[in-house]
Structure formats: structure tokens, C-alpha cells
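As a plain string of letters, each chain reads:
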Amino acid sequence: MAAPWADPAGLAYLGLFSISGVACLLLIPRAGTFDDPDIQTGMAWLLGTAGAWAVAKTAFFLVPDPFREPAYTIGLIFGFATVWAWLYFCSAYTGRSFHRNTTLRRLGAGVFLAVTLVKVTNPLHRLYFTTSEATTPFRHLAIEHGLFHWAATGLAYVLAAVGLFMVFELYVQSGYDARPLGVLTAMLGLPVVVDVVAIATPQLIDVIYAPIGVAVFAVGTLFVFGPRFLAVRTTAGSEAPSVFLDSSGRIRDYSPAATSAFPSLAGATGDRLEDALPEVAATLESDDRILERDSGEQTQYYLVSADSSGVGGSTARVVTLTDVTAIERQRRQLSQRERELDERNELYRAVIAASFAFVFRIDLDERAFTFVSPSVEEFLGYTADELEGGPISVVMPDEQTTGLAREYLDQVADGEALQIRDFPLQNRDGGTVYTDIRVVPIYDPGVSEEAQTADDIVGAQTMVRDATERRRREGLISVINRVLRHNVRNELSVINGYAEMLAADLDGDAASKANRIVETADRLLDLTESAREIEANRNQSPDVEPVDLVPIVEESVRQLRERYPDASVTVESPETAVVQALPRVETALWELLDNAAKHGGERPSVEVAVRETDDGILIAIADDGPGLPESERQVLATGAEEPLVHGQGLGLWLAYWLIGNFDGEIDIPEHRQGTTVEVRLPKSPAA
């Protein structure tokens, strides 16, 4: 038989298959430049099996006659192996996991071994192929394929088609212009057409031309379209806008979603990214990868990311812009909320630091601390960690105080807010300190304020103020007040007694002077009585209650008429006038009535009017005296009692203090004659 290379047709067949085989085998190292290890493996096996298949076909034409059939059989085995390598590559490239599935791999290996066994045993059964001499298109050993061949070939074509479907589906999903890749991939199926033609005409040898298509696909993928091939894989299956850049940063393609979101991309192929989309390029270079874009109706937010992948010396960079508007808005809202909470917490901390020694929360069921502010350490010596979770008895000086604290907490559990003065606490050293405490209930935050009941109380919030200095100061004042008041009253009583005896024994100017001493002593005794009243009212609870002013005014007027029988006192009042105060408001009204009668002249005239107004109850006390001195006006208007601005006694200051303690007001309108003092007290809701 003449050598194939002696005939032009034979030389063409040798050239096609030998070049295809050598090309595939030489490209195996370049397959290792893919970034993905699974794609590397799939491409390497595809090149290796296809290359060995083509080399075996070349050998089929070159080796002597006894070795031709074995060479062809070896080629068939590598050809069938190429199908499985192709499926592995397609699964890895399209992001699927079929190539990792153990069951599928075992099934594929079983099918491959079964078909290989049939091929190897062909000399025994001749059901796969037979041979005969042929002279067209050149002298060669012609192959006549049998039933088993067509069954195996049909299976191979179906499996190859499955791989092609996966790849073309990826091309469509990418949104890029994948036509060049489609043409390249179609080259894999072109040899099938040649196979069909070879069956119909003797001008072509029926030897399966698939290795040539694999070689063309490999060269195109690894050298010509590598970056685009990988870019398609990166963006497929994603609806996010994406832009495909080459290694120099120029735009090579973009998805339809990208032109919808960024119209300036249209026609930007070949431009640099920073020229077409400067804001995107700037975001890529920044630490914050969130791009804020005003679309007119609302602000959109995109997460800008770039994936680089390459093969050989070519690199593809795909910029993906993921719409994170909903998440970013939520994140910014949460961030704003966190800033607001931080500001509130700082304000809360500053208020606590400025107003209270420390703050703690109490579990009302366990009677234990659930939170203690760090400032407790400076006040009691305990750290917050030492107290949190512990019982409240830790800071109580004795069992009696602990029991009292539990009674207070029971009231809070019923919904009451408490203010407690001079409550003793024990510090770490065992010493006792005194505090002013405010305790309020904490309600379940899930219950609206309108629906809150005692059953919704989950704890107690307690604010503690150091009362040590105040207690020491008030104690000192109280001692001084009692000592001076007691001693002054005793000494004044002696002075008054002797002055009265002198006034009775003397005549003329001397008697007049003695009477002046008696009057002065009486005023000083009145002063000590006012001091006694202030002392008596100093520590009384500020909690108010409904009080009817009419009987109080009437009783005060009765006493005024007894003390000043020459005075003319008239009263105008409704049947009731209920205010929010305490019964000791009588002391304030008496001081004002007494002042009006005392300074009204020899026959004073005092008019008292009680009436209801829109904002409360008004008590007007008018006299016909010479008018209130400016110093006395200052006492009633501002409570001023200073060395240079002082009244003739403490009575008016006591009236000012008591009325103010009931959230009332004192006003002194201007009159041409006499003085009118107007007292306004809040009306009781129970009225």
C-alpha cells in the first residue's frame, strides 16, 4: 500500500490530525493559567484526551498494517474519554457542581469502562467496526462501523450536546455580546457535520473529525478570546449591571442592565472606565465601595466590586454594580439611629453625672441590681460589676433599712413613683451615707403608654443623689435655729417683762421709752415665731392634695378680727374654692392678712376676695395703708431677703416660700393708695 503522504489527500489528513494533536498537547501547560482550579483540570483533560485522540488517528495512517486497527481502537478510547473531559470542563466553567458529584462520576466511569471493553474486544466479535482496503480519496484502511459504534457515538453526541447547552446558556445569561464566543464554540460541533458527509460520500474518510474542532476551540479560548470567555462566566446569572474591561482598563463590553442604569455607557466600547464612568472608577479606588447615584426620583446605591480573572497573559476585569439601595438605606437609617442613640446616651450620661451620684435598676421580683452606673464606685466604693446581679441588701446598713427599701419597692411595683429623703446606704468600708432617692417604675417597652398597668412593670429605675452635705448643713442650721430661737425668746421674755414693769412705774417720756422697748421685744418675739413656722414646714412633704380655701380664709379672718378689733374686715368668696395645696397654706394667708391689718393705720380696712379664674383660684387681700415698702415688695415678688434688701420680719418670706412650694404665685399690682396682694393657686382637678 502506498504511503499516505505520497498522495495530496493523504498528506492533508496527516497534517490536520497531527497539527491538531500536537497543538492540543502543547497547550496543556497553558490551561494551568486559568484562575479556577476546576476549569484548569477540565481544560487540561480536554486537551490531553483530544490531543491523544488526534495523535492516534495520525498513527492510524502511518503505522504498518498489523498495528493500524490497534491504533484506531486506542483513538476511539481517547475519543470517548474526550466527551467526559468536555462535560467536566463545561460543568466547572458554568459554575455547576456536576463534576463534583460522586454518583455521576462513578456512573460516568462505569459507562466509559463498559464501552472501552467493547472496543478492546472488537477483534473477537467484530460488532464495533470492521476494516477493508479502500483507494478513495487515497489508498487507506477503510473503517466500517457497526452497531456498537453507532450506539456509543450517539451517546457521545448527546453528552457533548449537554455540555454545549450549558455553555450557550451561560453566554445568553451574561448579557454580553457573546457572538464571537458562540462561533468559536460552534467549531466543536462543525466536525460532526463532516462526519455525516463522510458517511454519504467516499470522498471523505469516515474517521470522526472531532479532535480538529477541539483544537480550534482550545486555541481560540486560550489565545484569542480568553478574557471575554472568563468575563462571561463572571457575570452570567446576575442581573446586576456589569462592565467588562481589558488589561489596560478599557471598556470591551457591558451588560444591558449597565446601560439602563448608566446611559453614558452606550457607545463607550474602547473608552477608559474613568472617562466613561468617572464616579464608578473613583468608587473603585476608594475605601467605601458604595456608589451614591441620584436617578432623579430617588437616590440609588450600588456596591461596586471588581473581579479579575485571566488565562495566559491576558486578564479580564469585570466591574459589577450590585443594587444595594434597600440594604444601604436601612444601613444608613440604622447608622443614623445609632448616632442618635449615642447622643442620647451621652446626654443621659452627662445628666446623670451632673445631677446624681449614681443610677441603678432593680429587678422587682428578685430585689436585685440589674444595672449600676460606674459612678457608684466613687460614692460607695463598690464597682458596678460587684453590685450588678447582687441583692439590694448589700448596700443596706441593717435589716430595718432593708425592710423599708422592700416596702418602697412594693409601692413602685404598684405603679407609684417615689421621692425619698435622707435614705441611709452603707458603703464598702461599712460607713453610712445619706441620700435623696427617686424611684420610678419601668414598664415593658412593648406595651403602649395608654395601655400600661402594674402588671406591665418589669423593674425599677432609681436615681440617687448624695444628701450628706445637705443633711449636715440643714442639721447645723436647725441646731443654730433652735438654739437662737430658744435663747432669744427667753431673753426677750425677760426684757419684755422688765420693760412692762418700767412702763407701769414711770411717767411721761420715760414711760414712752419703756413702751417702745415692749413693742420692739414683741416684734422680735413675732420674728422667732416666724422662724419656728419655717422650721416646722421645712421638711414637710411637697405632695399636694385638694384643699378648700373658703373655710381657711373665714377662720383666718375671724382670728384677724379678734387680734385687731378696730379693723374693718370684709370677705367676698364663693361657696367653695378647691386648690392643689396643703392645709398649711393657712400660714401663708395669715401672714399676708396680718401684715395688711398691722400696717393699715389706727382703724385699718382690709378687703378679702376669693374668686375662680381660668387658670386657678385668686385670693386678693387689699388694705388702705400707706403702701408696701419696696423691700417688702421684693420679698413677696422674688423671695429676696438679703442684708441690703430685707423686710421687717420673716412672715412675708414664709408666705412667699409656702405659696411657691404649692406652684402658686404672688403678685402686687400698682395702686394709688393702699396695697393689694394677689395670690394665685392652681385649681384642683377634683374641684
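Residues numbered from 1 in each chain as written. Predicted model: local features only at pLDDT ≥ 70, side-chain atom pairs only at ≥ 80, totals over all residues. Heavy atoms only, no water.

Chemist: Before we go on, may I ask you to explain the overall build of the chain in this structure?
Modeler: Within the chain, the secondary structure is distributed over 24 helices and 19 strands. Looking at the chain as a whole, 43% of its 687 residues are labelled buried. Sequence separation of 24 or more characterises 60% of the internal contacts of the chain that already satisfy a separation of 6 or more. Summing over all exposed atoms, the chain offers an accessible surface of approximately 36,100 Å²; the carbon and sulfur share of this is 55%. (Helix = DSSP H or I, 4+ residues; strand = E, 2+ residues; numbered from the N terminus. Buried < 20%, exposed > 50% of the residue type's maximum accessible area, 1.4 Å probe, protein only. Contact = heavy atoms within 4.5 Å. Areas by Shrake-Rupley, 256 points an atom, 1.4 Å probe, with all protein chains shown as cover.)

Chemist: So what exactly am I meant to see when it comes to the sheet that holds strand S11 (residues 432-443) here?
Modeler: Working definition: the strands of a sheet are paired by backbone hydrogen bonds and lie parallel or antiparallel to each other. Here five strands make up an open sheet; going across it, the order is S9-S8-S12-S11-S10 and the pairing antiparallel. Both outer strands of the open sheet, strand S9 (368-372) and strand S10 (418-426), are each paired with one neighbouring strand and no more. On average, each strand axis in the sheet is tilted by 35° relative to the strand beside it, whichever way the strands run. Of the pairings in the sheet, the one linking strand S8 (residues 358-363) to strand S12 (residues 457-466) comprises five bridges and is antiparallel in character. Directly across from Arg361, in S12, lies its bridge partner Gln461. (Pairing = 2+ DSSP bridges. Axes fitted to C-alpha atoms, helices over the stretch in contact; angles between N-to-C directions.)

Chemist: Please explain the sheet that holds strand S18 (residues 665-667) as it appears in this structure.
Modeler: The sheet built from five strands is open, its strands ordered S14-S16-S17-S19-S18 with mixed pairing. Each of the sheet's edge strands pairs with one partner strand only, and the pair in question is strand S14 (568-572) and S18. Taking each pair of neighbouring strands and ignoring which way they run, the sheet shows an average axis angle of 15°. Of the strand pairs in this sheet, S18 and strand S19 (residues 675-681) are connected by three bridges, and their pairing is antiparallel. The residue bridging Asp667 from the neighbouring strand is Glu678, located in S19. Against the sheet, helix H22 (residues 585-598) contacts strand S16 (605-613), strand S17 (616-623) and S19, and its axis sits at roughly 25° relative to S17.

Chemist: What's the story with the pattern of salt bridges in this structure? I'm lost.
Modeler: Side chains that differ in charge, positive against negative, can pair when their charged atoms come close. In this structure the tally under the stated criterion is 14 salt bridges. For Arg100, the salt bridge identified is with Asp38, shortest N-O distance 2.3 Å. Placement of the pair is Arg100 in the loop between helix H4 (65-93) and helix H5 (102-120) and Asp38 in helix H3 (residues 37-62), with a sequence separation of 62 residues. When the shortest N-O distance is used, the salt bridge between Glu386 and Arg428 registers 2.5 Å. Placement of Glu386 in helix H17 (residues 384-387) and of Arg428 in the loop between S10 and S11 is noted, with a sequence separation of 42 residues between them. A network of salt bridges, in which partner residues are shared, links Glu555, Arg558 and Glu562. (Salt bridge = Lys/Arg side-chain N within 4 Å of Asp/Glu carboxyl O.)

Chemist: How do you make sense of the packing of aromatic side chains when you look at a structure like this?
Modeler: The geometry of an aromatic ring pair comes down to the distance between the two centres and the angle between the two planes. Inspection of the entire model under this criterion finds 13 aromatic pairs. Measuring from centroid to centroid gives 5.6 Å for Phe358 and Phe379, while their planes differ by 45°, and the two rings are tilted. You can see Phe358 sitting in strand S8 and its partner Phe379 sitting in helix H16 (residues 376-380), a full 21 residues away along the chain. Exposure class is identical for Phe358 and Phe379. Each is buried. Over the face of the ring belonging to Phe371 we find Arg361, whose NZ or CZ atom lies 4.6 Å from the ring centre. (Phe/Tyr/Trp six-rings, centres within 6.5 Å; stacked < 30°, edge-to-face > 60°. Lys NZ or Arg CZ within 6 Å of the ring centre and 35° of its normal.)

Chemist: So what exactly am I meant to see when it comes to the side chain of Ser20 here?
Modeler: With respect to the helices, strands and loops of the structure, Ser20 is situated in helix H1 (residues 8-26). Not counting the four nearest positions on each side in its chain, Ser20 is found in contact with Ala54, Pro211, Ile212 and Ala215.

Chemist: Explanation requested: the side chain of Ser91 in the structure shown.
Modeler: Relative to the helices and strands, Ser91 resides in helix H4. Since its relative accessible area comes to 1%, Ser91 is described here as buried. Once you skip the residues sitting within four places of it in the chain, Ser91 turns out to touch Arg96, Ser97, Phe98, His99 and Met166.

Chemist: Got a minute to help me understand the environment of Glu491 in this structure?
Modeler: Tracing the backbone through its elements, the reader meets Glu491 in helix H19 (residues 468-505). The exposure class assigned to Glu491 is exposed, which follows from its relative accessible area of 51%. In this structure the C-alpha to C-alpha distance between Glu491 and Ala521, which are 30 residues apart in sequence, comes to 9.6 Å.

Chemist: For this particular structure, what's the right way to read the pairing of S16?
Modeler: Sheet faces and side chains relate simply in a regular strand, where the side chains alternate between the two faces. Here S14 runs beside S16; their pairing, made up of five bridges, is parallel. Bridging from a neighbouring strand, Val571 pairs with Val608 of S16. Bridge analysis of S16 against S17 gives eight bridges, and the strand direction is antiparallel. Considered in S17, the bridge of Ala609 is made with Ala620. Taking the residues between adjacent antiparallel strands as the criterion, S16 and S17 are bridged by two residues.

Chemist: Would you explain unusual backbone geometry in this entry?
Modeler: Trans peptide bonds make up the majority, and among non-glycine residues the majority have a negative phi. Unlike most non-glycine residues, Arg367 shows phi in positive territory, near 55°. The topology assignment puts Arg367 in the loop between S8 and S9. Located in the positive-phi region is Asp663, a residue other than glycine, with phi close to 60°. Of the residues examined, Asp663 reaches a relative accessible area of 69% and is grouped as exposed.

Chemist: Just checking my understanding: could you explain the packing of H4 against helix H7 (residues 147-174) for this structure?
Modeler: Between two packed helices, the angle of one axis relative to the other and the distance separating the axes together describe the packing. Direction vectors running N to C along H4 and H7 enclose 20°, while the axes themselves pass 9 Å from each other. In this view, H4 runs roughly parallel relative to H7, as classed from their interaxial angle. Where H4 crosses over H7, the handedness of that crossing is left-handed. Between H4 and H7, the residues in contact are Phe80, Val83, Trp84, Trp86, Leu87, Cys90, Ser91 and Tyr93 and Ala152, Leu155, Ala156, Leu159, Ala160, Val162, Gly163, Leu164, Met166, Val167, Leu170 and Tyr171, respectively. (Parallel < 35°, antiparallel > 145°, perpendicular 65-115°, else oblique. Left-handed = near helix turned anticlockwise from the far one by under 90°.)

Chemist: So what exactly am I meant to see when it comes to the confidence of the model for the chain here?
Modeler: For the chain, per-residue confidence averages 81 on the pLDDT scale, and 83% of positions sit at 70 or higher. For the chain, the element scoring lowest by mean pLDDT is helix H23 (residues 630-638), at 62; helix H18 (residues 399-413) scores highest, at 93. Here residues 640-648 is a poorly scored stretch, pLDDT under 50, and it has 13 contacts once near neighbours within four places are set aside; other chains count. (pLDDT = per-residue confidence, 0-100.)

Chemist: What's the story with the nonpolar core in this structure? I'm lost.
Modeler: Soluble, globular proteins show a tendency: their nonpolar side chains are buried together. With 38 residues, the main nonpolar core has Leu549, Val585, Val606, Ile619, Val679 and Leu681 as its most contacted residues. Those elements giving two or more residues to this core turn out to be helix H21 (549-563), strand S15 (578-581), H22, S16, S17, helix H24 (651-661) and S19. At eight residues, the largest contribution of residues to this core is made by H22. Look past the residues within four positions of Val585 in its chain and what remains in contact with it is Leu549, Ile552, Ile659, Phe662 and Leu681. Among the nonpolar cores identified, the runner-up in size contains 30 residues, and Leu27, Trp86, Phe89 and Val167 belong to it. (Core = buried A, V, L, I, M, F, W, Y, C linked by side-chain atoms within 4.5 Å.)

Chemist: Would you explain a negative patch on the surface in this entry?
Modeler: A cluster of acidic residues, Asp614, Asp615, Glu665 and Asp667, forms a negative patch at the surface. Of note, Glu665 is situated in strand S18. Among the residues examined, Glu665 registers a relative accessible area of 55% and is labelled exposed. (Patch = residues over 30% accessible without salt bridge, like charges linked within 9 Å, V, L, I, M, F, W, Y side chains within 5 Å. Lys, Arg positive; Asp, Glu negative; His and termini not counted. Charge placed at Lys NZ, Arg CZ, Asp CG, Glu CD.)

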